[in-house]
Amino acid sequence: MNKLSKISQECCLYFTANSFSRLISEMADEEFRFTGMAPSYAYLMLLVVDEPGLSQNELSTKINLKPSTLTRFFDKLVQRGMVNRVQNGREINIYATDKGHKTRILIESALNNLHKKYSLILGEDFAAQLTADINKATNFMNA
């Protein structure tokens, strides 16, 4: 690898973030497998359980996914009996079903396992700081 390629890979946020994203996504997929849900669905379910009645647009903003993507997610979750959509004028609000509420324990277990796994690799302090920094950067980018 020439010097310019190496500098581009090590100093470019786009390539570095995507490389890290692939690694952490693979780890998350492995830890969430036993829940029967992909990590994105699991995080979405936590939001729906913790904040019942949010609109699809509010959830889209909170999870940083396009509304069309979220619609497909909810189609699958409705089909699995985990959420209900309630039409409220022009707005659609989302509520977890009893079955959806019961997934919380599994999701929390997967989250704890994932946290332990990457914290062992990165170190607890660095993992916490990296998470905070990425969250801060995401908020800047969304502003």
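Residues numbered from 1 in each chain as written. Predicted model: local features only at pLDDT ≥ 70, side-chain atom pairs only at ≥ 80, totals over all residues. Heavy atoms only, no water.

### Structural notes on the overall build of the chain
Within the chain one finds eight helices and two strands. Taken from the N to the C terminus, the helices and strands of the chain come in the order α-α-α-α-α-β-β-α-α-α. Here the C-alpha coordinates of the chain stretch approximately 55 × 30 × 25 Å along the principal axes. A total of 143 residues make up the chain; the buried ones form 29% of that total. In the chain, the proportion of contacts linking residues at least 24 apart, taken out of those at least 6 apart, comes to 54%. With the model as given, the accessible surface of the chain reaches about 9,900 Å², and the carbon-plus-sulfur share is 56%. Across the chain, 17 positive and 15 negative side-chain charges occur, with their mean positions spaced 6 Å apart. (Helix = DSSP H or I, 4+ residues; strand = E, 2+ residues; numbered from the N terminus. Buried < 20%, exposed > 50% of the residue type's maximum accessible area, 1.4 Å probe, protein only. Contact = heavy atoms within 4.5 Å. Areas by Shrake-Rupley, 256 points an atom, 1.4 Å probe, with all protein chains shown as cover. Lys, Arg positive; Asp, Glu negative; His and termini not counted. Charge placed at Lys NZ, Arg CZ, Asp CG, Glu CD.)

### Focus on the environment of serine 25
Mapped onto the elements of the fold, serine 25 is located in helix α2 (residues 13-32). The partly exposed category is assigned to serine 25, whose relative accessible area is 31%.

### Things to note about the nonpolar core
Counting 28 residues, the largest nonpolar core has Leu44, Met45, Leu59, Phe74 and Leu77 as its most contacted members. Only α2, α3 (39-50), α4 (56-63), α5 (67-79), β2 (91-96) and α7 (104-122) provide two or more residues apiece to this core. If you tally residues by element for this core, the top one is α3, at eight residues. Beyond its immediate sequence surroundings of up to four residues, leucine 77 is in contact with Tyr41, Leu44, Met45, Met82 and Val83. (Core = buried A, V, L, I, M, F, W, Y, C linked by side-chain atoms within 4.5 Å.)

### What about the pairing of β2?
A regular strand places its side chains on the two faces of the sheet in alternate fashion. Pairing analysis gives six bridges linking strand β1 (residues 83-88) to β2, with the strands arranged antiparallel. Paired with arginine 85 across the two strands is isoleucine 94, which belongs to β2. Hairpin connection, β1 to β2: the antiparallel pair is bridged by two residues, and glycine 89 has positive phi, about 70°. (Pairing = 2+ DSSP bridges.)

### Points about the packing of α3 against α5
At a minimum axis distance of 11 Å, the contact between α3 and α5 shows a crossing angle of 80°. In terms of orientation, α3 and α5 fall into the roughly perpendicular class. Judged by residue contacts, Ser40, Tyr41, Leu44, Met45 and Val48 of α3 engage Leu70, Arg72, Phe73, Phe74, Lys76 and Leu77 from α5. Per-class residue counts for the contact of α3 with α5 are eight nonpolar, one polar and two charged. (Axes fitted to C-alpha atoms, helices over the stretch in contact; angles between N-to-C directions. Parallel < 35°, antiparallel > 145°, perpendicular 65-115°, else oblique. Nonpolar A, V, L, I, M, F, W, Y, C, P; charged D, E, K, R; others polar.)

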